[in-house]
Amino acid sequence: MKQEFNVINGQVNVGLAGSLYVEEAAILRERLLEYIHSGHRDFVVDMKGVDYIDSSGLGVLVAIQKRALQNGGRVIIKGLQGTVKELFEMTRLTKVFDIQA
Amino acid sequence: MEEASIHCRDTDIAEAARDIILVVDLEGKILKANEAASLVYGYTREELIGMSIFNLRTPETAQQVYAQMQQANSEGTTFETWHRRKDGKAIPVEVSSKRALIGNKIVLLSTIRDISSRVNRDAELRKLSAAVEQSPVSVVITDLKGSIEYVNPKFIEVTGYTLTEVIGQNPRILKSGFQPPEMYQELWNTITSGREWRGEFHNKKKNGELFWEMASISPIRTATGEITHFIAVKEDITERKKADEALLQAHAELSQIIESAGDGICVVDLEARIIRANSAFAAMCGAPVEQLVGEKTCELFPCGFCETPNCSFVRMLQGESRFEFDQEVIDAATGKKRHWLVSISRFYDAAGELTGMVKKYKDITERIRMQEAMQRDLQLAGKIQRGFLPCKANLETVIVDTVYEPYHHVSGDVFDYAWDGRRRIFAGYVADMMGHGVGTALQTSALRVLFRQAFEKALSPKSKLAWINRAAMPYFAEDTFAAAIYFELDFARNSLTYSAAGINYFLASADARHGVVSIPGPFLGIADQEDYEEHWFSFRAGDSFYFMSDGLFDLLRSDMQVNSLVFQEACGFLRMMAKSSMRRDDASALCIHIK
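Remember, it's a predicted structure, so these values are computed and weren't measured experimentally.

Tell me about the overall build of chain B, and please be specific about residues and values.
Along chain B, the regular secondary structure elements total 19 helices and 26 strands. Residue pairs at least 24 apart in sequence account for 52% of intrachain contacts in chain B once pairs closer than 6 positions are excluded.

Right, dumping it as structure tokens:
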């Protein structure tokens with residue numbers, strides 16, 4: 001999976017493409033935690049290239065969301081489509097994250 | 001007595017002379033010249049007579065003529081100068097000239113000798129002399145007894161002694177005292193017997209400073225072979241000696257470091273023959289290092305990769321510069337099996353050529369034992385966890401079958417069911433703890449307890465889930481959450497009611513519903529206050545329902561044929577899918593068949 005990171009005006013823009021299984025989730029978690037530790041608290045995660053995500057992937061997003069909120073920031077998820085969008089809707093994660101188109 | 005005399009004209013003598021004889025007037029005009037003059041200068045007699053001696057001089061020396069002629073005219077003079085032949089070539093000459101009264105005229109009578117060979121010899125000698133004087137090495141010349149007759153400027157520069165301080169002394173004044181007297185004795189014996197001696201001196205300068213010299217001492221002989229002097233040529237090698245010592249030091253340090261390594265280290269050439277090894281390696285082999293040099297490691301410790309692409313040499317020659325692998329060996333001392341982690345790196349010689357490998361052997365037997373123990377522990381934990389879960393059952397109202405395949409011994413999945421005989425409700429759930437490993441498996445216990453407690457409560461399915469969610473929050477570690485699906489089969493009303501918390505799908509093989517049934521619902525453990533939904537539909541005898549974790553559901557996505565199978569076959573199919581090599585997660589299922 002491809003994971004791209006871009007910091008613009010203190011906001012971390014994350015671009016994901018491919019399938020997010022356990023291994024990729026672990027890598028993503030490490031990278032995002034680094035940004036949290038260096039003081040970043042606003043994230044925008046573009047999921048339009050993601051075709052599959054399992055509980056580990058969701059776990060990473062939930063974990064980062066929790067910390068971002070603790071630091072007064074937030075996580076915006078955008079580009080949800082297909083089965084991934086369905087997953088977010090069924091598990092009501094649309095209420096946990098700030099979902100944008 | 002006979003008179004010792006010969007009869008000749010006086011001019012015969014001059015004519016026969018080897019040297020040039022010229023009679024010159026006071027203005028320098030040549031009046032007479034002998035045969036030798038013609039031969040040497042290349043002019044004919046006729047050409048010489050009347051020529052000025054200036055013309056016989058090279059341009060540089062011509063200006064001295066008058067002064068020299070005046071000298072000759074007064075006391076007589078002998079001097080060296082350069083004359084010029086007819087062909088222009090300059091020759092060095094010695095001129096001996098005096099005033100004479102010849103034929104009633106005051107003239108200058110000069111005897112001139114070609115001193116070319118003497119001049120050449122002198123030049124040669126000067127050249128050799130300069131070579132010794134200016135030599136970058138020290139030169140010392142002693143007489144037969146060893147007393148110094150000559151030292152060159154380099155000697156003076158190196159030792160600090162002046163010429164006068166050393167002339168007449170023996171070279172032993174340079175002795176530092178650190179070398180054995182036998183050396184000096186052997187030196188003396190060698191050179192006095194006519195042979196050359198070479199060696200190194202640890203000498204002392206005038207100021208006490210020590211230095212090293214590499215010396216070559218030989219006898220000097222006369223033309224007849226008799227030894228008259230000894231000559232020593234010495235080169236200062238102090239710097240080189242320092243470098244050598246530094247190298248030895250570094251070498252010793254390196255050897256110490258290699259020796260102190262706990263791991264066995266050896267260097268082998270390209271044919272696996274041991275070039276060097278440390279004592280840890282020797283201990284591994286049960287033989288001293290000296291015995292091991294030359295042995296092949298392939299024979300001492302066969303790694304089993306010979307003749308295969310995994311052979312270390314093959315891998316190295318193909319470009320891998322550093323790699324590791326595991327090897328089992330029998331310990332020489334105890335006869336027991338031990339595990340080694342073998343690390344191979346390339347070994348180059350000073351010129352940068354690949355000449356062998358460095359092999360490092362690390363004993364990881366303990367580590368392996370611990371890993372194996374942990375593995376057994378894990379397997380035991382897995383067995384225990386399985387013990388907590390219910391097995392299949394054949395009850396009055398339903399047949400229950402289960403599928404349980406942890407991804408790696410222990411599982412994050414848990415399921416359970418219970419039959420409430422009084423209210424005639426068969427309830428159950430499947431839950432999936434996020435994560436892997438022992439920590440996650442332990443947390444399933446918390447879920448199990450909470451669901452059991454929820455079973456007892458008089459709450460609707462969705463309220464039960466809401467209760468469990470709130471109760472579970474303190475038990476969940478940071479960032480952890482769980483997915484679950486809960487159902488109740490009410491045999492009084494023949495209705496199936498279900499509520500979802502992250503496991504949002506199940507399979508139904510029933511009249512009322514056939515295929516995937518979906519219901520939204522948030523995960524357990526994310527937010528304190530969650531609202532859950534519940535739906536219901538009727539069931540009949542013969543219906544089957546399959547509740548599973550996403551690890552198993554994902555594998556079925558494209559293959560819903562389970563629906564068309566009879567209950568027993570369907571369960572068998574799910575069990576088979578759960579063991580599939582495609583899976584990446586724990587796979588579990590709770591299968592219910594209405595009797």
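Picking up after the structure, the text goes on.
An account of the interface of chain A and chain B is requested, with residue identities and associated values reported.
At the junction of the two partners, chain A supplies 13 residues and chain B supplies 17 residues. Listed by contribution, the elements that provide at least two residues to the side of chain A that touches chain B are α2 (55-70) and α3 (82-90) of chain A. Examining the composition of the side of chain A that touches chain B, we find that five residues originate from one element, α2 of chain A, more than from any other. A per-class count over the side of chain A that touches chain B returns six nonpolar, three polar and four charged.

Describe unusual backbone geometry, with residues and values.
Residues and elements named next belong to chain B. Positive phi is not limited to glycine here, since A272 has a value of about 70 degrees. Tracing the backbone through its elements, the reader meets A272 in the loop between β11 (264-269) and β12 (274-277). For A272, a count of 19 C-beta atoms within 10 Å puts it in the partly exposed group. At H409, a position not held by glycine, the phi torsion is positive, near 70 degrees. Residue position: H409 is located in the loop between β17 (398-405) and β18 (413-420). Look at H409 and you get partly exposed, because 18 C-beta atoms sit within 10 Å.

Provide a residue-level description of helix α17 (residues 461-472) of chain B, including the pertinent values.
All names here are of chain B. End to end, α17 covers 16 Å across 12 residues, agreeing with the expected 16 Å (1.5 Å per residue, within 8%). Buried within α17 we find P461, K462, K464, L465, A466, I468, N469 and A472. Lining the buried residues of α17 we find α16 (437-456), β20 (482-490) and β21 (495-501).

I'd like to hear about the environment of N120 of chain B, residue by residue, with values.
Residues and elements named next belong to chain B. Within the secondary structure, N120 is located in helix α6 (residues 116-133). Overall, the presence of 11 C-beta atoms within 10 Å leaves N120 in the exposed class. Expressed as a C-alpha distance, the spacing of N120 and P92, which sit 28 residues apart in the sequence, is 9.6 Å.

Would you mind going over the confidence of the model for chain B in detail, with residue names and values included?
Residue and element names in this part refer to chain B. For chain B, per-residue confidence averages 89 on the pLDDT scale, and residues scoring 70 or more make up 98% of the total. Within chain B, the element-level pLDDT minimum falls on helix α4 (residues 59-62), averaging 80, and the maximum on β21, averaging 96. For this predicted complex, the interface confidence comes out at an ipTM of 0.90, alongside a pTM of 0.61.

A description of the nonpolar core should follow, citing residues and the corresponding values.
Residue and element names in this part refer to chain B. Counting residues in each nonpolar core, the largest one holds 87 residues, and the members touching the most others are A484 and I485. Looking at this core, the element that brings in the most residues is β20, giving seven residues. Other than its neighbours up to four places away in sequence, I485 contacts Y429, V430, Y498, A500, I503, F506 and F547. In terms of nonpolar packing, the next biggest core, distinct from the first, is built from 18 residues, L22, L48, M69 and I112 among them.

An account of the packing of α16 of chain B against α17 of chain B is requested, with residue identities and associated values reported.
Geometrically, a packed helix pair is captured by the angle between its two axes and the distance between the axes. All names here are of chain B. At their nearest, the axes of α16 and α17 sit 10 Å apart, and the two run at 140 degrees to each other. For the element pair α16 / α17, the angle class is oblique. Crossing of α16 against α17: the hand is right-handed. In this structure, α16 contributes A446, L447, L450, F451 and A454 to the contact, and α17 contributes K464, W467, I468, A471 and A472.

Break down the sheet that holds β20 of chain B for me, citing the residues and quoting the values.
Through backbone hydrogen bonds, the strands of a sheet pair up, either in parallel or in antiparallel fashion. Residue and element names in this part refer to chain B. Read from one edge of the open sheet, five strands run β18-β19-β20-β21-β24, paired in antiparallel fashion. Two strands bound the open sheet, and with one partner strand each, they are β18 and β24 (535-538). For this sheet, the mean angle separating the axes of adjacent strands, direction not counted, is 15 degrees. Two strands pair when backbone bridges link them, and strand β19 (residues 425-433) and β20 are joined in this way by nine bridges, in the antiparallel orientation. Bridging across to β20, M433 finds its partner in A482. Sheet strands touched by α16: β18, β19 and β20. Its angle to β19, the strand with the most contacts, is close to 155 degrees. Those strands touched by α17 are β20 and β21, and its axis lies near 30 degrees from that of β21.

Would you mind going over the sheet that holds strand β1 (residues 2-8) of chain A in detail, with residue names and values included?
All names here are of chain A. Strand order in the open sheet formed by five strands is β1-β2-β3-β4-β5, with mixed pairing between adjacent strands. This sheet does not close on itself; its edge strands, each paired only once, are β1 and β5 (98-100). Taking each pair of neighbouring strands and ignoring which way they run, the sheet shows an average axis angle of 20 degrees. With nine bridges joining them, strand β2 (residues 11-20) and strand β3 (residues 42-53) adopt parallel strand pairing. Each residue of the ladder has a partner; that of G18, found in β3, is V50. In this fold helix α1 (residues 22-37) packs onto β1 and β2, with an angle of close to 10 degrees to the strand it touches most, β1.

Parameters and conventions
- Residues numbered from 1 in each chain as written.
- Chains lettered and ligands numbered in written order.
- Predicted model: local features only at pLDDT ≥ 70, side-chain atom pairs only at ≥ 80, totals over all residues.
- Helix = DSSP H or I, 4+ residues; strand = E, 2+ residues; numbered from the N terminus.
- Contact = placed C-beta atoms within 7 Å.
- Nonpolar A, V, L, I, M, F, W, Y, C, P; charged D, E, K, R; others polar.
- Buried ≥ 20, exposed ≤ 12 C-beta atoms within 10 Å, placed from the backbone.
- Expected span 1.5 Å × (residues − 1).
- pLDDT = per-residue confidence, 0-100.
- Core = buried A, V, L, I, M, F, W, Y, C linked by C-beta atoms within 7 Å.
- Axes fitted to C-alpha atoms, helices over the stretch in contact; angles between N-to-C directions.
- Parallel < 35°, antiparallel > 145°, perpendicular 65-115°, else oblique.
- Left-handed = near helix turned anticlockwise from the far one by under 90°.
- Pairing = 2+ DSSP bridges.

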